[in-house]
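# Geometric and topological summary
One letter stands for each residue in the lines below.
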Amino acid sequence: MDVTRSFEPTNAGIVRAASLPVVVSWLLFLVFSLFFYALTAASPLLGETTWPDAARAATGLWLTSYGGNIQIAGSVLGVMPGSIVVLNVLASIRSARSVMQRGELATGWVQTPRMEMSAERTVPERRGNLKAKVQPVWIRIVAFAAIQAAIVAIIGLIVRPGGTWWYAIFGAFFIGLAAAAYCSAQRILPRTPLWAYTEPIVPWVRRVLVGFILMACAVFALAGLSGLSRILDIHHAYFAGISGGIGLALLQLLYLPNFIVWAGSWVLGAGFSINDAFFAIYTERLHPIPGIPVFGAIPPYHRWYLAFAIVPLLLCGLMAWRYVKTLKTRERGTMTEELARIAALALACGFASAIAAFMASGRMGGAALTGAVPWMMLLCVMGWILITFIPAVAWTVRSCNSMGATPSAGAHVVSANAASSNSRGAATIQAVNNATREAAPFEDTSYEKRPEHGATNADASVGNVSAERSKDMRVERSTDGESHPSSQ
């Protein structure tokens with residue numbers, strides 16, 4: 001009896017998975033924007049804005065989340081709203097992961113589970129039915145990204161917002177490429193030649209970045225509490241009413257991740273700019289900035305702001321202390337290998353921080369840049385990691401090598417204990433099986449059991465001897481015509 005069940009074709013699945021997050025994100029943001037336009041349509045700030053103009057402006061603002069630049073009232077807006085960017089990235093990762101769970105993104109053919117059933121026993125077997133031509137992983141990754149870019153291009157051509165919106169096509173392609181590659185990392189990274197050296201630092205990249213994010217959130221919250229009065233004064237100056245005030249607050253929430261990245265850049269020493277103004281813990285360059293309420297959280301400059309440099313120093317020092325503790329529990333390399341791993345850790349964290357700074361920055365008005373400077377963020381993050389990790393790792397490796405303490409010795413002791421435990425467990429199981437066979441001599445063991453995974457050769461030999469003994473018992477029982485066991 002054969003029971004065959006097939007999955008859906010891979011082409012339809014990847015098209016659906018790539019287009020769904022883009023279309024849903026656009027529709028939700030469009031409905032959200034039109035809803036608040038309906039509440040504030042009578043506001044004098046909107047002037048003679050019509051429904052098509054509102055829909056075009058909302059679509060243009062959504063396209064900035066993929067890197068497009070739009071023109072609103074003669075001003076250029078190119079800063080990517082971080083909240084929409086985060087939601088788009090998470091939705092793309094979820095869609096790509098759902099495709100990978102069915103094996104559609106990893107391979108170009110469908111695996112069909114096949115069940116063979118008989119009257120005595122059921123033996124499940126998984127066989128691959130070749131439905132289409134086998135394709136590499138990178139083809140599926142590029143296809144996922146290209147479909148998302150095509151959907152963004154179609155939406156932009158239909159709505160046609162002002163400005164160079166078509167930059168969003170390239171942004172959508174790179175976001176889809178990064179999401180699909182992230183979901184395929186478990187299949188791609190182990191095949192690289194440097195994976196054996198960089199594998200121990202992969203979880204630490206995530207831990208260091210999470211630490212930086214929490215630090216930036218704390219600094220932003222502290223700045224918001226200290227400048228709350230200025231924020232409220234700027235907010236009340238708009239006279240937008242209840243609905244307009246809510247809309248203004250939600251508009252600033254769209255850029256909340258941007259403000260958090262700017263706060264992190266400020267405390268790390270890279271600083272951030274708003275038009276021609278620049279703010280950092282060591283300097284300040286004043287210039288008129290837009291009257292956005294959240295900018296009231298920017299405090300006046302004081303020299304004691306340099307004391308905030310202790311925050312990233314303590315954070316990286318804590319991470320370095322936790323990292324060196326793992327050197328005593330895993331296999332260590334030479335001094336050069338461990339320092340190379342620290343350099344790779346610093347480079348990975350710095351590169352990720354630079355990407356975040358780039359995505360949180362853009363053009364606003366007539367300025368060339370608003371936000372954090374990517375290359376300064378890269379250097380600052382790498383500098384804080386290197387000055388804290390390198391001394392700790394170098395001292396730990398040198399002290400362990402001088403004392404002759406190697407983690408492999410402890411590993412051998414653990415392996416020996418585990419082996420002795422397994423041998424005692426196997427002896428106990430064998431004794432129980434022998435007692436069971438003596439208590440039930442008439443048990444039918446005509447079929448030969450296959451030794452399970454992890455069983456010893458002694459267990460397999462005992463099972464074979466029991467099978468031979470049962471066969472001898474059946475032969476004598478059929479010859480004498482009696483139902484008593486033979487005496488050995």
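Here, the structure is the one placed above.
First things first, this report covers the structure right here in the doc. (Residues numbered from 1 in each chain as written. Predicted model: local features only at pLDDT ≥ 70, side-chain atom pairs only at ≥ 80, totals over all residues. Heavy atoms only, no water.)

### Section: the overall build of the chain
Helix and strand counts for the chain come out as 16 helices and 9 strands. The 488 residues of the chain split such that 37% are buried. Restricting to contacts in the chain with at least 6 residues of sequence separation, those with at least 24 account for 73%. Accessible surface, the chain: about 28,200 Å² in total, of which carbon and sulfur atoms supply 66%. (Helix = DSSP H or I, 4+ residues; strand = E, 2+ residues; numbered from the N terminus. Buried < 20%, exposed > 50% of the residue type's maximum accessible area, 1.4 Å probe, protein only. Contact = heavy atoms within 4.5 Å. Areas by Shrake-Rupley, 256 points an atom, 1.4 Å probe, with all protein chains shown as cover.)

### Re the packing of aromatic side chains
Applying the stated rule across the entire model yields 20 aromatic pairs. Note on phenylalanine 259 and tryptophan 262: the rings are 5.5 Å apart at their centroids and 70° apart in plane angle, and the pair reads as edge-to-face. Of this pair, phenylalanine 259 and tryptophan 262 both sit in helix H11 (residues 256-268), separated by 3 residues, roughly a single helical turn. Classification of tryptophan 262 by relative accessible area gives buried; the value is 4%. With 5.9 Å between their ring centres and 55° between their planes, tyrosine 323 and phenylalanine 389 make a pair best called tilted. Of this pair, tyrosine 323 sits in helix H12 (residues 310-326) while phenylalanine 389 sits in helix H14 (residues 374-403), placing them 66 residues apart in sequence. Of the residues examined, phenylalanine 389 reaches a relative accessible area of 1% and is grouped as buried. (Phe/Tyr/Trp six-rings, centres within 6.5 Å; stacked < 30°, edge-to-face > 60°.)

### Notes on the sheet that holds strand E9 (residues 371-372)
In spatial order, the strands read E8-E7-E6-E9; together these 4 strands make up an open sheet with antiparallel pairing. Of all strands in the sheet, those bounded by a partner on one side alone are strand E8 (284-285) and E9. Examined bridge by bridge, strand E7 (residues 277-279) and E8 share 2 bridges and lie antiparallel to one another. Bridge pairing in E8 links phenylalanine 279 to glutamate 284. Running at roughly 125° to strand E6 (residues 272-274), H11 makes contact with E6, E7 and E9 of the sheet. (Pairing = 2+ DSSP bridges. Axes fitted to C-alpha atoms, helices over the stretch in contact; angles between N-to-C directions.)

### Some remarks on helix H8 (residues 202-226)
Its 25 residues give H8 an end-to-end C-alpha distance of 37 Å, which sits within 8% of 36 Å, the value for a rise of 1.5 Å per residue. Every buried residue of H8 is listed here: Trp204, Val205, Val208, Gly211, Phe212, Met215, Ala216, Val219, Ala223 and Gly224. (Expected span 1.5 Å × (residues − 1).)

### Structural notes on the nonpolar core
Counting residues in each nonpolar core, the largest one holds 87 residues, and the members touching the most others are Trp62, Phe212, Trp266, Leu268, Ile385 and Phe389. At 10 residues, H14 tops the list of elements feeding residues into this core. If we ignore the near neighbours within four places in the chain, the residues touching phenylalanine 212 are Leu268, Leu315, Cys316, Val381 and Ile385. (Core = buried A, V, L, I, M, F, W, Y, C linked by side-chain atoms within 4.5 Å.)

### A word on the pattern of salt bridges
All chains considered together, the criterion is met by 2 salt bridges. Across the pair aspartate 53 and arginine 56 runs a salt bridge, and its minimum N-O distance is 3.2 Å. In this pair, aspartate 53 and arginine 56 both sit in helix H2 (residues 51-63), 3 residues apart, roughly one turn of the helix. Given the relative accessible area of 34%, aspartate 53 is considered partly exposed. The residue arginine 341 makes a salt bridge to glutamate 338 at a minimum N-O spacing of 3.0 Å. Of this pair, arginine 341 and glutamate 338 both sit in helix H13 (residues 335-359), 3 residues apart, which is roughly one turn of the helix. The residues arginine 341 and glutamate 338 share a single accessibility class, namely buried. (Salt bridge = Lys/Arg side-chain N within 4 Å of Asp/Glu carboxyl O.)

### Digging into the packing of helix H4 (residues 137-159) against helix H5 (residues 167-183)
Direction vectors running N to C along H4 and H5 enclose 150°, while the axes themselves pass 7 Å from each other. One way to sum up the angle between H4 and H5 is to call them roughly antiparallel. The chirality of how H4 crosses H5 is right-handed. Where H4 abuts H5, its residues Ile141, Val142, Phe144, Ala145, Ala146, Gln148, Ala149, Val152 and Ala153 lie against Ala168, Ile169, Ala172, Phe173, Gly176, Leu177, Ala180 and Ala181. (Parallel < 35°, antiparallel > 145°, perpendicular 65-115°, else oblique. Left-handed = near helix turned anticlockwise from the far one by under 90°.)

### Details of the side chain of threonine 388
With respect to the helices and strands, the residue threonine 388 is situated in helix H14. A relative accessible area of 11% means that threonine 388 is categorised as buried. Within polar-contact distance, the side chain of threonine 388 engages the backbone oxygen of tryptophan 384 at 2.8 Å. (Polar contact = N/O pair within 3.5 Å; in protein donor to acceptor, adjacent residues only side chain to side chain.)

### A look at H11
For H11, which comprises 13 residues, the first-to-last C-alpha distance of 19 Å matches the rise-based estimate of 18 Å (1.5 Å per residue) to within 8%. For H11, the tally of buried residues reaches 11 of 13 residues, placing the bulk of the element in the interior. Note on H11: the residue one or two positions beyond its end, glycine 269, has a positive phi of about 105°.

### A word on a nonpolar patch on the surface
Taken together, Ile310, Val311, Leu313, Leu314 and Ile387 make up a surface patch of nonpolar side chains, about 420 Å² in accessible area. Tallying contributions element by element places H12 first for the nonpolar patch, with 4 residues. The topology assignment puts isoleucine 387 in helix H14. (Patch = residues over 30% accessible without salt bridge, like charges linked within 9 Å, V, L, I, M, F, W, Y side chains within 5 Å.)

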